[in-house]
Amino acid sequence: MFLATIARKVVHSVCQASLRPAVSTVISRGYRGDAPEPTIIEIPLPPWQERAGESLDIKRKRLLYESRKRGMLENCILLSLFAKQYLNTMSESQLKQYDRLINEPSNDWDIYYWATETQPTPDVYQSEVMEMLKEFTKNKDMEQRLDAPNLEYLDKSS
């Protein structure tokens, strides 16, 4: 009986110890005053230039490809679906606006934030095409936009 009581107390104390955290003090990583500031390298990009002498057919095909091949998946889906719906009906002026919009900004996130109206669009990019893109981005018909369409289906002239 005495051994049973001792065994019960030992088992009870082992069970209680297993429920307690192993370390009683919380260690947190705080600011280390000697850490160097990160170095940000700014890579200059060549300025955007309109391609002189490019036919409207070639421009549409190039913009179609460039709409899909973006630096981020969100813009790939958004711009390729936008191109599928509007590119073949855009005027020469609208094609120029769209070309500048998707090729001049060096950061694809900027285009995404402007299209979703998370950030204000700079005046230089505020255009008829930007308004079309903003309306398209609102997705009022609640289409399922999970993937970009295949390139073969985008080019209706082939």
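Conventions we followed
- Counting starts from 1 at the beginning of each chain's written sequence and moves along it residue by residue.
- Local features are withheld for residues below a pLDDT of 70 in this predicted model, meaning they are given only at 70 or higher, and side-chain atom pairs are given and counted only at 80 or more; totals for whole chains, interfaces and linings count all residues.
- Only heavy atoms go into the side-chain values, all of them from the structure, while hydrogens and water stay out.
- UniProt positions are given in the numbering used here, feature names are shortened, and annotations may be inferred rather than shown by experiment.
- Two joining distances apply to patches: 9 Å for like charges and 5 Å for nonpolar side chains (Val, Leu, Ile, Met, Phe, Trp, Tyr), and every residue must have over 30% relative accessible area and no salt bridge.
- With residues, only the protein chains shown are counted as cover, and all accessible areas are computed by Shrake-Rupley using a 1.4 Å probe.
- Definition used for salt bridges: Asp or Glu carboxyl oxygen within 4 Å of a side-chain nitrogen of Lys or Arg.
- The way it works is that DSSP assigns letters per residue, a run of H or I at least four long becomes a helix, a run of E at least two long becomes a strand, and they are numbered from the N terminus.
- Relative accessible area decides the class of each residue, using a 1.4 Å probe on protein chains only: under 20% of the type maximum gives buried, over 50% gives exposed, and in between gives partly exposed.
- For a helix, the expected span equals 1.5 Å multiplied by the number of residues minus one.
- Residues grouped as a nonpolar core are buried Ala, Val, Leu, Ile, Met, Phe, Trp, Tyr and Cys residues, joined through side-chain atoms within 4.5 Å.
- Any two residues whose heavy atoms approach within 4.5 Å at even a single point are treated as in contact.

An unreviewed UniProt entry annotates the protein chain as Succinate dehydrogenase assembly factor 2, mitochondrial originating from Cyprinus carpio. In its Subcellular location (unreviewed entry) section, UniProt records this for the protein chain: "Mitochondrion matrix". In its Sequence similarities (unreviewed entry) section, the UniProt record describing the protein chain reads: "Belongs to the SDHAF2 family."

Visitor: How should a nonpolar patch on the surface be read in this particular structure?
Guide: Judged by side-chain polarity, I41, I43 and L45 come together as a nonpolar surface patch covering roughly 370 Å² of accessible area. Structurally, the position occupied by I43 is in the loop between α1 (2–19) and α2 (56–68). Among the residues examined, I43 registers a relative accessible area of 64% and is labelled exposed.

Visitor: Help me understand α2, please; the structure alone is not making it clear to me.
Guide: Helical geometry: 3.6 residues make up each α-helical turn, so side chains three or four residues apart lie on a common side. Compared with an ideal rise of 1.5 Å per residue, which puts 13 residues at 18 Å, α2 spans 18 Å between its outermost C-alpha atoms and is within 8% of the ideal. Restricting attention to buried positions, one finds in α2 the residues K59, R60, R62, L63, L64, E66, S67 and R68.

Visitor: How do you make sense of the nonpolar core when you look at a structure like this?
Guide: Most often, soluble globular proteins have nonpolar side chains that are buried together. Residues F82, L87, M90, Y98 and L133 are the most contacted members of the largest nonpolar core, which totals 23 residues. Secondary-structure elements contributing two or more residues to this core are α2, α3 (73–86), α4 (92–103), α5 (108–115) and α6 (128–138). The greatest single-element share of this core, amounting to six residues, is contributed by α3. Contacts of Y98, omitting those with residues within four sequence positions, involve L63, S67, L79, F82, A83, L87, M90 and V129.

Visitor: Could you clarify how one ought to interpret unusual backbone geometry in this entry?
Guide: Note: most peptide bonds trans; most residues except glycine with negative phi. One non-glycine residue with positive phi stands out, namely E117, at about 60°. You can see E117 is positioned in the loop between α5 and α6. Backbone geometry at N139 places phi at a positive 50°, although glycine is not the residue there. Mapped onto the elements, N139 comes out in the loop between α6 and α7 (151–154).

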